[in-house]
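An overview of the molecular structure
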Amino acid sequence: MNRYIIAVTGASGAIYAKKLFDYLKGKAELHVIVSERGAELMRLELSTGSSYFSGENVVLHKNSKINASIASGSFKTGGMVIVPASMGTLGRIVSGVSTSLIERVADVMLKEKRKLIVVPREAPLSSIHLKNLLTLDQAGALILPASPGFYNNPQTIDDLADIVVARILDQLDIEQELIPPYHPKN
Ligand SMILES: Cc1cc2nc3c(=O)[nH]c(=O)nc-3n(C[C@H](O)[C@H](O)[C@H](O)COP(=O)(O)O)c2cc1C
């Protein structure tokens, strides 16, 4: 069973983290870290907190516990997804300060040249945000904006969220049935 790390931070879009977790639960070992603000946004947007991330083969880590097993380069995973990713967390990862478990694990993924998928959500973006996104890309992360396409004719909020989650699963090389492959109509 492969294992993945999901980090939830205080940007809008907690639904993406919930749907990614729901899809992977039971299929993989999941290590979840939720920032304080991430939990606040979950309560605001989903009426649930970080305790949502529970179950068999699920470990919920404290963001303050920087010496957790997953903070070591020896802990091998199929990748880390920061979803949604706040500009605050992004800026701290770029600065390399590693003051929380999320920042430390992201730092490890970059230094070990492992898969780090960052799903930012902010609008508009300042030049600071844009520079930080570019720096992360250049350091080896994959930037996957929380920006669903509309060509599959989504009807509901769930449909829209599925489009972003499908792109994340594609990047993790996980087969997904959420969204069919694109076929031109003509
Ligand atoms: C209601 C609300 C919505 C927010 N939405 C966003 C957002 O979409 N993107 C973002 O980068 N920051 C957003 N923020 C700001 C972050 O929560 C803030 O920068 C926080 O310090 C991030 O902390 P974290 O990165 O440790 O989770 C929002 C804050 C609040 C209170």
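This text goes with the structure placed above it.
Basis of the calculations
- The numbers attached to residues start from 1 for each chain and follow its sequence in the written order.
- Per-residue local features are limited, in this predicted model, to residues with pLDDT of at least 70; the limit for side-chain atom pairs, both in listing and counting, is 80 or more; totals at the level of whole chains, interfaces and linings are taken over all residues.
- Buried, partly exposed and exposed are defined by the number of other C-beta atoms within 10 Å of a residue's own C-beta, namely 20 or more, between the two limits, and 12 or fewer respectively, with C-beta atoms placed from the backbone.
- What counts as a helix is a DSSP run of H or I of at least four residues, what counts as a strand is a run of E of at least two, and both are numbered from the N terminus.
- Strands are treated as partners if at least two bridges between them are detected by DSSP.
- We call a crossover right-handed when, viewed with the strands running away from us, the connection from the first strand over the helix to the second turns clockwise.
- To obtain an axis, a line is fitted to C-alpha atoms, over the contacting stretch when the element is a helix, and the angle between two such axes runs from 0 to 180 degrees between their N-to-C directions.
- Should an angle fall under 35 degrees it is taken as roughly parallel, and over 145 as roughly antiparallel, whereas 65 to 115 is taken as roughly perpendicular and any remaining angle as oblique.
- When the near helix sits turned anticlockwise from the far one by under a right angle, the crossing is termed left-handed; a clockwise turn instead gives a right-handed crossing.
- Residue pairs qualify as contacts under a 7 Å threshold applied to their C-beta atoms, which are placed from the backbone.
- Put simply, Ala, Val, Leu, Ile, Met, Phe, Trp, Tyr, Cys and Pro go in the nonpolar bin, Asp, Glu, Lys and Arg in the charged bin, and everything else, Gly too, in the polar bin.
- In this analysis, residues qualify as near a molecule or strand once their C-beta atom, positioned from backbone atoms, comes within 6 Å of it.
- The term nonpolar core means buried Ala, Val, Leu, Ile, Met, Phe, Trp, Tyr and Cys residues held together as one set by C-beta atoms within 7 Å.

Moving on: the pairing of strand 1 (residues 3-8). With 5 of 6 residues buried, strand 1 is to be regarded as a mostly interior element. As judged from the 6 bridges shared by strand 1 and strand 2 (residues 29-34), these two strands associate in the parallel manner. By the bridge assignment for strand 2, Ile-5 is matched with His-31. Since strand 1 and strand 2 lie parallel, the crossover through helix 1 (residues 14-24) that links them has a hand, and here it is right-handed.

What follows deals with the packing of helix 3 (residues 87-95) against helix 5 (residues 127-138). Direction vectors running N to C along helix 3 and helix 5 enclose 55°, while the axes themselves pass 10 Å from each other. As far as their axial angle goes, helix 5 and helix 3 are oblique. Like other packed secondary-structure pairs, helix 3 and helix 5 cross with a definite hand, here left-handed. Listed contacts from helix 5 to Met-87, Leu-90, Gly-91, Ile-93 and Val-94 of helix 3 are His-129, Asn-132, Thr-135 and Leu-136. Residue composition of the contact of helix 3 with helix 5, by class: 5 nonpolar, 4 polar and no charged.

The subject of this paragraph is the site of the ligand. Lining the immediate environment of the ligand, one finds 15 residues, of which Thr-9, Gly-10, Ala-11, Ser-35 and Gly-88 sit closest. Listing elements by their share of the shell around the ligand, those giving two or more residues are helix 2 (36-46) and helix 3. No other element matches helix 2, which puts 4 residues into the shell around the ligand. Here the shell around the ligand is built from residues that sort into 4 nonpolar, 8 polar and 3 charged.

Among the nonpolar cores identified, the biggest contains 49 residues, and Ile-6, Tyr-16, Leu-20, Val-81, Ile-82, Val-83 and Val-119 are the most heavily contacted of them. Counting residues per element, this core draws most heavily on helix 1, which supplies 7 residues. For Val-83, the residues in contact, after removing those within four places along its chain, are Ile-6, Val-8, Tyr-16, Ala-17, Leu-20, Val-119 and Ile-168.

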